[in-house]
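Structural overview
So you can see what is in the structure, the chains are spelled out below.
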Amino acid sequence: MKITMIGSGYVGLVTGACFAEVGNEVLCFDIDERKIDILQNGGVPIHEPGLREMIARNVAAGRLRFSTDIDRAVAFGALQFIAVGTPPGEDGSADMQYVLEAARNIGRRMNEWKIIVDKSTVPVGTADRVRAVVVEELEKRRSKIEFTVVSNPEFLKEGAAIDDFMRPDRIVIGTDHAQAARTIRELYAPFQRNHERLLMMDVRSAEFTKYAANAMLATRISFMNELANLADRLDVDIEMVRQGIGSDPRIGYDFLYAGSGYGGSCFPKDVKALLRTSSQAGAPLHVLASVEHANERQKQVLIEKICARLGNDLSGCKIALWGLAFKPNTDDMREAPSRVVVRELLQRGAQVVAYDPVAMEEARRVFAQEGLSLIYADSAMEAVRGADALVLMTEWKAFRSPDFAELRKQLKTPLLFDGRNIYDPQAVREAGLEYFGIGRR
């Protein structure tokens with residue numbers, strides 16, 4: 001099949017590359033000339049394990065190409081995937097201008113049957129808005145070209161997106177158009193050879209499913225963080241509690257890890273958007289509102305622990321940070337808890353020395369925009385040399401099993417604040433360091 005991907009960001013690139021991987025011809029379009037130039041010259045503008053290699057071999061095979069030419073993009077594919085950003089507006093609602101502009105561009109240029117697929121995370125009712133915009137543009141041209149709009153939300157985890165796409169848990173398709181349903185089923189056939197993963201439903205239910213999934217996962221994280229904070233007060237080890245409740249098959253172990261709060265491009269944005277939708281519909285989601293509040297509060301917990309040990313005035317203190325990205329295997333700094341911790345430490349007079357295996361360049365850009373000045377180390381051990389404390393913010397594999405004896409030697413003050421609960425408190429303490437986790441007694 002010939003597929004056009006409108007938007008060559010995280011979702012568009014991964015989706016386009018994976019479709020090309022199974023033999024489709026894919027054209028990835030973007031208005032950002034710099035991004036397309038990077039891709040055409042063999043680079044990749046985002047960090048995602050395995051993506052660079054997948055793009056390279058499909059470009060070499062002639063199945064994947066990139067362009068800033070919107071006329072070429074609309075003419076190329078019978079399937080037009082919209083995979084542009086939907087950033088939160090000031091009121092928390094999803095900003096739909098890029099989705100609707102993509103739809104307008106299709107309506108202005110299409111000359112034959114198209115299946116327009118909403119891949120972006122969008123509010124309920126977006127397919128209707130996309131359809132109306134395309135009809136409006138066709139009417140301006142006095143054209144009666146047939147098309148349909150399908151909802152196909154993405155469920156990709158940053159850091160594991162290729163595996164998620166190639167071996168999906170489920171593929172949600174929202175359509176009431178029989179021909180579109182057959183085409184989409186054929187498109188996804190290579191990804192469900194083992195068993196049926198396609199869930200066909202109406203468009204509005206498909207749109208709602210994506211928001212509901214992310215809201216549920218965010219709820220599990222915030223609830224576990226709340227339990228961890230209580231565990232701190234009750235002399236309880238939240239890790240033992242996690243194992244105890246996770247062993248119940250009705251609950252399971254996923255997304256039950258206490259820490260410094262969630263971040264990234266999805267959960268914060270989607271929770272806000274769903275809250276806004278519920279408010280507009282007159283059915284406020286009280287639980288989800290508490291989830292969002294609890295998450296913002298959780299980003300302060302490590303700061304409180306640091307200040308309880310070192311004092312509120314951190315002037316003269318050197319604090320080492322391991323990890324800046326919101327999660328491992330990505331350079332994404334959006335809504336990362338590290339941003340709150342860095343800002344609070346600097347405001348209290350501390351000197352911050354940070355290291356991240358992947359996100360250093362993105363961190364420099366983000367913190368420079370915020371006017372924050374910190375030191376970037378070339379290695380994990382360089383960051384802790386002479387520091388008054390080590391703060392673990394991102395659970396990268398490279399940080400999971402450090403030489404605690406060497407850490408004790410390099411730190412000026414042997415303090416370890418574990419913002420992701422990845423260390424065994426007893427092992428850390430036996431190495432001569434003070435350990436502070438989230439709900440770890």
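One can find the structure itself at the top, above this paragraph.
All of the points below concern the structure found in this document. Because the structure is a prediction, the values reported are computed rather than measured.

A word on the sheet that holds strand β14 (residues 434-436)
Read across the open sheet, the six strands follow the order β11-β10-β9-β12-β13-β14; overall the sheet is parallel. Of all strands in the sheet, those with a lone pairing partner are β11 (375-376) and β14, marking the two edges. Against the sheet, helix α13 (residues 301-310) touches β9 (318-322), β12 (389-392), β13 (415-418) and β14, its axis set at about 160° to β13.

What to know about the packing of helix α11 (residues 267-280) against helix α12 (residues 286-298)
Where α11 contacts α12, the two axes come as close as 10 Å, and the packing angle between them is 145°. Of the two elements, α11 crosses α12, and the hand of that crossing is left-handed. Contacts between α11 and α12 involve V271, K272, L274 and L275 from the former and L288, A289 and E292 from the latter.

Some points on the nonpolar core
Within the largest apolar cluster, 59 residues are counted, with the highest numbers of intra-cluster contacts made by L321, W322, L324, L345, F367, L416 and Y423. Here this core gets five residues from one element, more than from any other, and that element is α13. Those residues in contact with L416 that sit more than four places away from it in its chain are L390, F404, L407, Y423, V428, L433, E434, Y435 and F436. Judged by nonpolar contacts, the second largest core, of 40 residues, contains A103, V130, A215 and L288.

A short note on the side chain of N58
Along the chain, the position of N58 falls in helix α3 (residues 51-60). A relative accessible area of 0% means that N58 is categorised as buried. Only 2.8 Å separates the side chain of N58 from the side chain of R63, close enough to count as a polar contact. When neighbours within four sequence positions are excluded, N58 is seen to be in contact with A17, A20, E21, R63 and L64.

Some points on unusual backbone geometry
Even without glycine at this site, F255 takes up a positive phi of about 55°. Mapped onto the fold, F255 is located in the loop between α10 (238-246) and α11. A relative accessible area of 29% places F255 in the partly exposed class. With phi around 60°, R441 is a residue other than glycine that occupies positive phi space. Turning to its location among the elements, R441 is positioned in the segment after β14.

So, the side chain of E137
Topologically, E137 is positioned in helix α6 (residues 126-140). Judged by relative accessible area, which is 4%, E137 ranks as buried. Residues in contact with E137, not counting those within four places in the same chain, are R104, G107 and R108.

A short note on the environment of K327
Counting through the fold element by element, K327 comes out in the loop between β9 and α14 (337-347). Excluding residues that lie within four positions of it along the chain, K327 makes contacts with K157, E158, T394 and W396. In terms of polar contacts, K327 uses its side chain to reach the backbone carbonyl oxygen of E158, at 2.8 Å.

Topic: the pairing of β13
Neither face of β13 is open: one carries L415 and F417, the other L416 and D418, and all of them are buried. Looking at chain direction, β12 and β13 are connected through three bridges and run parallel. Considered in β13, the bridge of L390 is made with L416. Traced from β12 through helix α17 (residues 404-410) to β13, the parallel crossover comes out right-handed. In this sheet, β14 lies alongside β13 in parallel orientation, the contact comprising three bridges. The partner of L415 across the bridge, within β14, is E434.

The rules behind each value
- Residues numbered from 1 in each chain as written.
- Predicted model: local features only at pLDDT ≥ 70, side-chain atom pairs only at ≥ 80, totals over all residues.
- Heavy atoms only, no water.
- Pairing = 2+ DSSP bridges.
- Helix = DSSP H or I, 4+ residues; strand = E, 2+ residues; numbered from the N terminus.
- Contact = heavy atoms within 4.5 Å.
- Axes fitted to C-alpha atoms, helices over the stretch in contact; angles between N-to-C directions.
- Left-handed = near helix turned anticlockwise from the far one by under 90°.
- Core = buried A, V, L, I, M, F, W, Y, C linked by side-chain atoms within 4.5 Å.
- Buried < 20%, exposed > 50% of the residue type's maximum accessible area, 1.4 Å probe, protein only.
- Polar contact = N/O pair within 3.5 Å; in protein donor to acceptor, adjacent residues only side chain to side chain.
- Right-handed = clockwise from strand over helix to strand, strands pointing away.

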